[in-house]
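As a plain string of letters, each chain reads:
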Amino acid sequence: MHVATNRILDAIRQLTRTPVVVDAMASGDLDEQRARVVTEETEFLSPESAAEVVERVKDVWGQLTTGPLRRLLARTAAQVDPDAVAQEAEDERARRGLTRRTGEHGTDHWRGDFRVEDARGAWAAVTERARQLVRDKKASNLEMARSDAMMELILEHSDVKVIIHATRAADDEATHRHHRRRDHHC
């Protein structure tokens, strides 16, 4: 349902704010993935600024993969409406945060949005430590090593104690023996 809702919202934004995107999709000049990038990268702009950005990039958007297209749209938006881009950057920084979802089977899932000036340095530190873990054969790949490195870096600079409460299911054999002993004493 969530995916369907997002697609409907994208379509509404495209129809009302950037109808050229819809026309390009209809003619086959723009696929859904690139159209979504255009929509995401222009949604904070006024309709007039969004239309101007679309007009400037439409001749090349089908030739670019999503990463370069996203960067081109960001540069173009900064040229068209620098105040809106500055406000969006400020808003994004205000929305930064870190969330944790307790995972299944021994892992947790973290998601974070960080200030870019902090994140770049942190990423470099994590990657440097991760490469050492891979060289030392303490992790089988760089992605896994980054996870371990991040935890090492955080915990090395922290003084916390975590108490883990664990439970386990009753042992059926032990339970059965207990009931047999109790039955003999009655």
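Now for a quick tour of the structure. (Residues numbered from 1 in each chain as written. Predicted model: local features only at pLDDT ≥ 70, side-chain atom pairs only at ≥ 80, totals over all residues. Heavy atoms only, no water.)

**Structural notes on the pattern of salt bridges**
Link 1 in the chain: Per the counting criterion, the structure on display carries 15 salt bridges.
Link 2 in the chain: Residues Glu55 and Lys58 are paired through a salt bridge, measuring 3.2 Å at the closest nitrogen-oxygen approach.
Link 3 in the chain: For Glu55, a relative accessible area of 41% gives the class partly exposed.
Link 4 in the chain: When the shortest N-O distance is used, the salt bridge between Arg115 and Glu117 registers 4.0 Å.
Link 5 in the chain: Judged by relative accessible area, which is 29%, Arg115 ranks as partly exposed. (Salt bridge = Lys/Arg side-chain N within 4 Å of Asp/Glu carboxyl O. Buried < 20%, exposed > 50% of the residue type's maximum accessible area, 1.4 Å probe, protein only.)

**Quick notes on the nonpolar core**
Link 1 in the chain: Counting residues in each nonpolar core, the largest one holds 17 residues, and the members touching the most others are Val21, Leu30, Val38, Leu45, Trp61, Leu69 and Leu73.
Link 2 in the chain: Apart from the residues lying within four places of it in its own chain, the contact partners of Leu69 are Arg34, Val37, Val38, Trp61 and Leu64.
Link 3 in the chain: By size, the runner-up hydrophobic cluster in this structure holds 6 residues, among which are Val126, Ala130, Ala139 and Ala149. (Core = buried A, V, L, I, M, F, W, Y, C linked by side-chain atoms within 4.5 Å. Contact = heavy atoms within 4.5 Å.)

**Observations concerning unusual backbone geometry**
Glycine aside, residues mostly have negative phi, and peptide bonds are mostly found in the trans state.
Link 1 in the chain: The phi dihedral of His105 falls on the positive side, at around 60 degrees, and the residue is not glycine.
Link 2 in the chain: One can find His105 in the loop between β1 (97-102) and β2 (108-113).
Link 3 in the chain: Of note, the phi angle at Lys137 is positive, near 60 degrees, even though the residue is not glycine.
Link 4 in the chain: For Lys137, the location among the structural elements is in the loop between α7 (116-135) and α8 (142-156). (Helix = DSSP H or I, 4+ residues; strand = E, 2+ residues; numbered from the N terminus.)

**A closer look at a nonpolar patch on the surface**
Link 1 in the chain: Side chains of Leu98, Trp110, Phe114, Met150, Ile154, Leu155, Val160, Val162 and Ile164 sit close together on the surface and give an oily, nonpolar patch of about 940 Å² of accessible area.
Link 2 in the chain: Considering every element that reaches the nonpolar patch, the biggest residue donor is α8, with 3 residues.
Link 3 in the chain: Among the secondary structure elements, Leu155 is positioned in helix α8.
Link 4 in the chain: A residue is classified by how much of its surface remains accessible, and Leu155, at 51% relative accessible area, is exposed. (Patch = residues over 30% accessible without salt bridge, like charges linked within 9 Å, V, L, I, M, F, W, Y side chains within 5 Å. Areas by Shrake-Rupley, 256 points an atom, 1.4 Å probe, with all protein chains shown as cover.)

**Some details on the packing of helix α1 (residues 2-17) against helix α2 (residues 19-27)**
Link 1 in the chain: Orientation of α1 relative to α2, taken along the N-to-C sense of each, is 110 degrees, at an axis distance of 5 Å. It follows from the interaxial angle that α1 and α2 lie roughly perpendicular. Contacts from Gln14, Leu15 and Arg17 in α1 reach Pro19, Val21, Val22 and Met25 in α2. (Axes fitted to C-alpha atoms, helices over the stretch in contact; angles between N-to-C directions. Parallel < 35°, antiparallel > 145°, perpendicular 65-115°, else oblique.)

Function cannot be inferred from these measures alone, as they are strictly geometric.
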